[in-house]
Amino acid sequence: MNWTAKIRASAPATFSVSPSSKAAKPGPVAAVAPAANHRVSNSLKEFLWLISDVPHARVLDLGPVWQSTVSFFVDKGYRISTEDLLRTWKEYLNAEEERMRTAPIGEDGEKLSPSMLADKFLEAALQYPEHSLHGILLWDLLDYFDPGVTPRLMERVCHMLHPGGVALALFHSRPAERFQRYRIIDSQTVELVAAPTLAVHAHVFQNREILELFGKFRSSKTFVGRDQVREALFVR
Amino acid sequence: MWNKTTQGKPSSAVPQPAAAATVTPVTAPAAPVPPAVSAPTAPATERSVAPVATGTSRINAGLKIQGEISGSSDLYIDGEMQGKIRLANAQVEIGPNGRIQADIEARGIVIEGSVQGNLKAGESVHLGPASRVQGSVLTPRIGIDDGARLRGKVEMTRADSPPSASLPQSHSPAGSSASTAAPEILRPVAASAKDE
């Protein structure tokens, strides 16, 4: 997809702690707790804009399932799939650890390298056909994966995305102070939902590393927020 | 562009005659009051499935059943079940101890436990806060509590779609074409989990 073909004036990403500035909306948005963190996300706005040309676009949210996110996409006529990838990964690691712990000595109890772990994990996770998705929401989960795993993961993401499809990812510029999940409130607002720590922040990506990671993608666009979180869009 | 309407929502329901309510009840009708189910926190899709009422067939915790269940009685399962559930004109509730490996087709579906299979509802699907669903959801309305876990696709049908349209075969994920929208089920991955 050509960025220049769809020109949009975009303001830098902003971060808002106080929700009071936002008018309460009916439906799912009204369910947001008053103290919730909202983040104005230009990358989300751009993401939606890029997939808006595709009728009934298929979107995969790799975070937890939220009512508001599902409703948001369903109301737009999109098809939404969800897979809490980080949780699934953690469960997989736990299962793998348990397998190693209980395996008799000398019988399949070898510790796997990160890339082998990733390959084995991806035999079961993210099983979507090639080019079957028009948008993938990665949020900040790449920050929480072992650096040895992320290249494999991105290969799969690239494989699943339709040419012209878009991936949205967030990258922290310093280790995240707390673990949080993301849910969509409206077309340019996400709520940062504090959650019990599922994983520790594993890696702070440099811009160069990010570009390498998404090397197979055709183009990229990054928004940097005041909180120094980088919101990146990658078009396949 | 930003105010795209919802025209042309995908719907895979194929009109078919209503399922014959032929098969016998699973268990004798029981009177006990079902366990309380937490109210949904998301007001967007209120839980429209009424709590399981007296006269509902029950499979309690500790029971296992294999095979196909069909008929017209509401069903509450808190045990384990493998096979298929087709209660097109009734409500199905999976209790917190319920462990289901089956496609479920019903008028209304409430999940508080664990389901591996596709869910197809004529009216609504509600996923409780401790629910775990691995499979696709096909319904006109859906309610998802915070904490629910869904691995699969959500697809909305029109409310007037006949609930008796047959469920698609489970297969590997996202294989559907753009317009027919066959729900899919994902392969299982891991076992134990720490809840958030």
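Residues numbered from 1 in each chain as written. Chains lettered and ligands numbered in written order. Predicted model: local features only at pLDDT ≥ 70, side-chain atom pairs only at ≥ 80, totals over all residues.

## Some words on the overall build of chain A
We count it as follows: Helix and strand assignments follow DSSP, with helices taken as H or I runs no shorter than four residues and strands as E runs no shorter than two, numbered in order from the N terminus. Once C-beta atoms are placed from the backbone, each residue is buried if 20 or more other C-beta atoms lie within 10 Å of its own, exposed if 12 or fewer, and partly exposed for counts between those two. Whether two residues are in contact is decided by their C-beta atoms, placed from the backbone, lying within 7 Å.
Along the backbone of chain A there are six helices and ten strands. The buried share of chain A, taken over its 236 residues, is 42%. Restricting the contact set of chain A to residue pairs at least 6 apart, pairs at least 24 apart contribute 73%.

## Brief notes about the overall build of chain B
Counting its secondary structure elements, chain B contains zero helices and eleven strands. Residues classed as buried in chain B amount to 51% of the 196 residues present. At a minimum sequence separation of 6, the contacts of chain B that also span at least 24 residues come to 37%.

## A word on unusual backbone geometry
All names here are of chain A. Of note, the phi angle at leucine 126 is positive, near 50°, even though the residue is not glycine. Tracing the backbone shows leucine 126 in the loop between α4 (114–122) and β5 (133–139). Overall, leucine 126 belongs to the buried group, with 23 C-beta atoms counted inside 10 Å. A positive phi angle, close to 50°, is found at tryptophan 139, a residue other than glycine. Structurally, tryptophan 139 can be placed in strand β5.

## Quick notes on the environment of serine 68 of chain A
Residues and elements named next belong to chain A. Tracing the sequence through the fold places serine 68 in helix α2 (residues 67–75). Look at serine 68 and you get buried, because 22 C-beta atoms sit within 10 Å. Sequence separation between serine 68 and arginine 183 is 115 residues, and the spatial gap between their C-alpha atoms is 7.0 Å.

## Some thoughts on the confidence of the model for chain A
Heads up, the rule is: pLDDT measures how confident the predictor is about each residue, on a scale from 0 to 100.
Taken as a whole, chain A shows an average pLDDT of 81; of its residues, 82% reach a score of 70 or greater. Counting contacts from residues 7–35 of chain A, a segment whose pLDDT is below 50, to residues more than four positions away or on other chains yields 50 contacts.

## What to know about the nonpolar core
Going by this rule: The term nonpolar core refers to a set of buried Ala, Val, Leu, Ile, Met, Phe, Trp, Tyr and Cys residues connected through C-beta atoms within 7 Å.
Core analysis: the biggest nonpolar cluster contains 92 residues, and Ile136 and Leu138 of chain A have the highest contact counts within it. Beyond its immediate sequence surroundings of up to four residues, leucine 138 of chain A is in contact with Leu62, Ala167, Leu168 and Ala169 of chain A.

## A closer look at the packing of α4 of chain A against helix α5 (residues 150–160) of chain A
All names here are of chain A. What counts here: Where helices are involved, their axes are fitted lines through C-alpha atoms of the stretch in contact, as for all axes, and angles between N-to-C directions lie from 0 to 180°. Oblique is the label for every angle not falling under 35 degrees (roughly parallel), over 145 degrees (roughly antiparallel), or within 65 to 115 degrees (roughly perpendicular). Residue classes follow a fixed rule: Ala, Val, Leu, Ile, Met, Phe, Trp, Tyr, Cys and Pro count as nonpolar, while Asp, Glu, Lys and Arg count as charged, and any other residue, Gly among them, counts as polar.
The geometry of α4 relative to α5 is characterised by a closest axis approach of 8 Å and an angle of 30° between their N-to-C directions. When the interaxial angle is binned, α4 and α5 end up roughly parallel. In contact with Ser115, Ala118, Asp119 and Leu122 of α4, α5 contributes Arg152, Leu153 and Arg156. The residue makeup of the contact of α4 with α5, split by class, is three nonpolar, one polar and three charged.

## Observations regarding the pairing of β5 of chain A
Residues and elements named next belong to chain A. Going by this rule: The pairing criterion is simple: DSSP has to find at least two bridges between the two strands. For the handedness criterion, the strands are oriented away from the viewer, and a crossover whose path from the first strand over the helix to the second runs clockwise is classed as right-handed.
Most of β5 sits out of view: seven of its seven residues are buried. Here three bridges tie strand β3 (residues 58–61) to β5, and the two strands are oriented parallel to one another. Directly across from leucine 60, in β5, lies its bridge partner isoleucine 136. Alignment of β5 against strand β6 (residues 161–171), held across five bridges, turns out to be parallel. Across the sheet, isoleucine 136 pairs through a bridge with alanine 167, a residue of β6. In the classification by handedness, the crossover that spans β5, the intervening α5 and the parallel β6 is right-handed.

## Some remarks on α5 of chain A
Residues and elements named next belong to chain A. Rule in force here: The arc in question is the one spanned by the directions pointing from the helix axis to the C-beta atoms.
Among the residues making up α5, those that are buried are Thr150, Leu153, Met154, Val157 and Met160. Looking down the long axis of α5, one finds its buried residues gathered within 120° of arc, a one-sided arrangement. In this structure, the buried side of α5 is in contact with α4, β5, β6 and α6 (207–213).

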